[in-house]
Amino acid sequence: MALFSSLTPLFIAIICVLIGVILKKTDGEKKKHKTEGKPLSRPWVDEDLKDGTDHHLEEEEADEEWQGIDENVAHVPFFAERYSEAEMIKRSQMFYELLNKRRSVRFLSDEPVPREVIDNVIRTAGTSPSGAHTEPWTFVVVQDPYLKHKIREIVEEEEEINYKKRMGDRWVNDLKRLRTNWIKEYLDTAPYLILIFKQVYGRLPNGKKKTHYYNEISVSISCGILLAALQNAGLYTVTSTPLNCGPQLRVLLKRPANEKLLLLLPVGYPKKDATVPALTRKPLEDIMVVM
């Protein structure tokens, strides 16, 4: 009994040590999980530019039975134009050569561009496929000089902060070789600015929210088609994702809350003394895998 009594403090000490080790290990695992779960810092992404494909409607607002789409859409015969193999090769080569001339041009002329051309290229972008044919895009065309200048003021103010504080040294250094900065003269000089908004949800006739499936992907595809249409028409642009400008531009252009700015395109002819970086594109074998 005396032996047990003398060993009791030792047992207690051992138990305390074991408890301490277990608690330390548990705390370490929690910190590890917390660190692993912490999202990576991506200063070049803001709320408007984040992927909106997983936008969840509130349960009480979602209408599971009807999303405003006809239950029975009529199907009509589809007639496709077929080309000979030689013609297919020729057309594909010509289209590649046309789009291979596309460059991001930051020196745009103020020379007028026919409005009908702008209408047609946006019609073309509107042919893009979309999830459940929701067509979740809005193309805002700005030609008013006052509005263009207000857009420039908003963009340049935020871009200066981005370059100096938000984006970090790696981003700024990566852009140095392209000689870009926060000064966006083309927002004043380009005859048109096209701002592409993604509709993260729509509205049903009863006022409830309507799901816009894959809105981010759908609008991105339409932007690609728009760039090809501009190139085909002999117009040039530079793709711009105006970081942290979306809410201000949305208010300026009186767009509803369900629209998020995805892309801003100044559109026009290049200046006669315009220059572009001497860049090359990856060869086919670096971008295509055949299995």
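Keep in mind that this is a model prediction, so the values were computed, not measured. The residue numbers shown here count from 1 along each chain, following its written sequence. Restriction of local features to residues with pLDDT of at least 70 applies here, the model being predicted, together with a cutoff of 80 or more for giving and counting side-chain atom pairs; totals for whole chains, interfaces and linings are based on all residues. Hydrogens and water are ignored here; the side-chain numbers use all heavy atoms of the structure.

Thoughts on the nonpolar core
- Of all hydrophobic cores here, the largest spans 21 residues; its most connected members are Ile118, Phe139, Ile194, Ile196, Leu226, Leu265 and Val267.
- Elements with a minimum of two residues in this core: helix H3 (115-125), strand E1 (137-142), strand E2 (192-199), helix H7 (215-232) and strand E5 (259-267).
- By definition in these notes, contact holds between two residues if any of their heavy atoms fall within 4.5 Å. For Ile196, the residues in contact, after removing those within four places along its chain, are Thr138, Phe139, Val219, Cys223, Leu226, Lys260, Leu261, Leu262, Leu263 and Leu265.
- In this structure, Val140, Tyr186, Leu187 and Leu193 belong to the second largest nonpolar core, which totals 19 residues. Put simply, buried Ala, Val, Leu, Ile, Met, Phe, Trp, Tyr and Cys residues joined by side-chain atoms within 4.5 Å make one nonpolar core. Between buried and exposed lies partly exposed: a residue is buried under 20% and exposed over 50% of the maximum accessible area for its type, with that area taken using a 1.4 Å probe on protein chains only. Strands here are runs of E lasting at least two residues and helices are runs of H or I lasting at least four, both read from the DSSP assignment and numbered beginning at the N terminus.

A word on the pattern of salt bridges
- Salt bridges are identified by distance alone: a Lys or Arg side-chain nitrogen within 4 Å of an Asp or Glu carboxyl oxygen. Per the stated rule, a full pass over the model turns up seven salt bridges.
- Between Glu156 and Arg152 there is a salt bridge, with its nearest N and O atoms 2.8 Å apart. Of the two residues, Glu156 and Arg152 are both situated in helix H4 (residues 145-166); the distance of four residues between them amounts to about one turn of the helix.
- Classification of Glu156 as buried rests on a relative accessible area of 17%.
- Classification of Arg152 as buried rests on a relative accessible area of 16%.
- Residue Glu216 pairs with Lys198 through a salt bridge whose shortest N-O separation is 2.4 Å. Pair noted here: Glu216 is in helix H7 and Lys198 is in strand E2, with a separation of 18 residues, a long-range link.
- Among the residues examined, Lys198 registers a relative accessible area of 1% and is labelled buried.
- Each of Arg152, Glu156 and Asp188 takes part in a single network of salt bridges with overlapping partners.

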